[in-house]
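# Residue-level structure breakdown
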Amino acid sequence: MDRRNLLKVALGTSLMPINLVAAPTAAAPRSSGQRFSFAFLSDTHIRPALEADRACAMCFEQISASDSDFVIHGGDHVEDALETGRARAAMLMDLYQRTEKAHLRKPVRHVLGNHDCLGVFPRSGVAPDERDYGKQFYIDRFGPRYYTFDHKGVHFVVLDSIGLTADRNYEGRVDQEQLEWLRADLAALPHGQRIVVVTHIPLVTAMQCYEPESWLDTPHNWTFVVNGREVLRILRGYNVLAVLQGHSHVYEQIELNGLRFLSTGAVAGADWRGAFLGTPEGYTEITIDGQSLTSRYRTYGFVTPDREDVPI
């Protein structure tokens, strides 16, 4: 049931790090607005073991030396707050924030990931009535769990896609409060406003076609947002350039009804043991120029000392 345990024990053939270049979306009328690039990274899963902090520093330094205007971290900053006690979760988050501060010299926007929620699994020993339980642990460190920001004429919408369940687990879900907020936010925008949506757990993904079989044996749907249809209905009719997604550790692109869903691979790869389902450790560079959004998956030179690639 535990995805991390799968990554720790799965063995596969060695895969060489690769750079992947995505084709641009179909031609569309160009709108005014400056050309700019940013880095979309996700799933750092930082920890003291497996040289994860050194690898994150390498990744952050490469991004800092790039032309990216800013960075979006797509969630799962640490490994892990879900099932550990407060002391270890705080240590891991301290390690992440120290590493970001020292090595990532760009403005950073953060997204809530499931592993960033404190004590949700009962074996953590954290009680649900404790002040920083669950998402509050993330909020105390990074701020609101959903929000918007604007950059050079593009409106970015950051969602919280982590649905905490009554049995102290989680699923992919955007809650009703957010759906109402999203509907109102988009309705207030000028006609034709360019929009990018960001979520940790994907709205649309093909992962169920090729993910490890054990990932399907979970108490709730961990793979995609279960009420994604509701989100898609709200987005329909707006000028959404892309939905950026993390969580799956694979670099994947899907286009549905003209809307593009782009999942980035993980900075951590297969939880710091190599490539996961063909995607090595890395992040995505995204460039927006008018109505065009292009992406390139970038590796950053880390070689794990304990390689156990997870093949499809």
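The structure we're discussing is the one just above.
In this report, the structure presented in the accompanying data block is examined.

## Notes on the nonpolar core
Counting residues in hydrophobic clusters, the biggest one holds 61 residues, and the most contacted among them are L235 and W272. Among the elements that make up this core, the one with the highest residue count is helix 2 (residues 52–64) (six residues). Ignoring anything within four residues of it in the chain, the contact list for L235 reads L182, L186, V197, L203, V240, V243 and L259. Counting residues in each nonpolar core, the second largest holds 22 residues, with F70, V158, L241 and L293 among its members.

## Regarding the state of the cysteines
The bond known as a disulfide is covalent and runs between the sulfur atoms of two cysteines. A full pass over the atoms with the stated rule returns zero disulfides. No disulfide involves C56; its sulfur sits 7.0 Å from the nearest other cysteine sulfur, which is in C59.

## Quick word on the sheet that holds strand 9 (residues 194–199)
Here we have six strands laid out as an open sheet, ordered 5-6-9-10-12-11, and mixed in their pairing. What marks the edges here is a single partner per strand, and that holds for strand 5 (147–151) and strand 11 (252–256). Across the sheet, the mean angle from the axis of one strand to that of its neighbour is 20°, orientation sign disregarded. Inspection of the sheet shows strand 5 paired to strand 6 (residues 154–158) by five bridges, in the antiparallel sense. What sits directly across from F149, in strand 6, is F156.

## Points about the pairing of strand 12 (residues 259–263)
In terms of burial, strand 12 is largely enclosed, as five of its five residues are buried. Burial along strand 12 is two-sided: L259, F261 and S263 and R260 and L262, pointing in opposite directions, are all buried. Summarising the sheet, strand 10 (residues 240–245) and strand 12 pair through three bridges and their orientation is parallel. Looking at the pairing, V243 lines up with F261 of strand 12. As paired elements, strand 11 and strand 12 share five bridges and run antiparallel to each other. Note that in strand 12 the partner of E255 across the bridge is R260.

## Observations concerning the side chain of H73
Looking at where H73 falls in the secondary structure, it is placed in strand 3 (residues 71–73). Residue H73 is classed as buried on the basis of its relative accessible area of 0%. Side chain to side chain, H73 and T44 meet in a polar contact 3.0 Å long. Of note is the side chain of H73, whose polar atom sits 3.1 Å from the backbone nitrogen of G75.

Criteria and cut-off values
- Numbering of residues starts from 1 in every chain and runs along the sequence as written.
- The model is predicted, so local features are restricted to residues of pLDDT at least 70 and side-chain atom pairs to those at 80 or more, both for listing and for counting; the totals for chains, interfaces and linings are taken over all residues.
- Each side-chain value is worked out from all heavy atoms of the structure, with water and hydrogens disregarded.
- Nine residue types can take part in a nonpolar core, namely buried Ala, Val, Leu, Ile, Met, Phe, Trp, Tyr and Cys, and a core is a set of them joined through side-chain atoms within 4.5 Å.
- Note on exposure labels: buried denotes an accessible area under 20% of the residue type's maximum, exposed denotes more than 50%, and partly exposed covers the range between, all computed with a 1.4 Å probe on protein chains only.
- Here a strand is any run of E in DSSP of at least two residues, a helix any run of H or I of at least four, and the numbering for each starts at the N terminus.
- Between two residues, a contact is recorded if the distance between any of their heavy atoms is within 4.5 Å.
- Pairs of cysteine sulfur atoms within 2.5 Å are identified as disulfides in what follows.
- Two strands qualify as a pair provided that DSSP identifies no fewer than 2 bridges between them.
- Angles run from 0 to 180 degrees between N-to-C directions of axes, and those axes are lines fitted to C-alpha atoms, restricted for helices to the stretch in contact.
- Two N or O atoms form a polar contact when they lie within 3.5 Å of each other; inside protein one atom must be a possible hydrogen donor and the other a possible acceptor, and for residues adjacent in sequence the pair counts only when both atoms belong to side chains.

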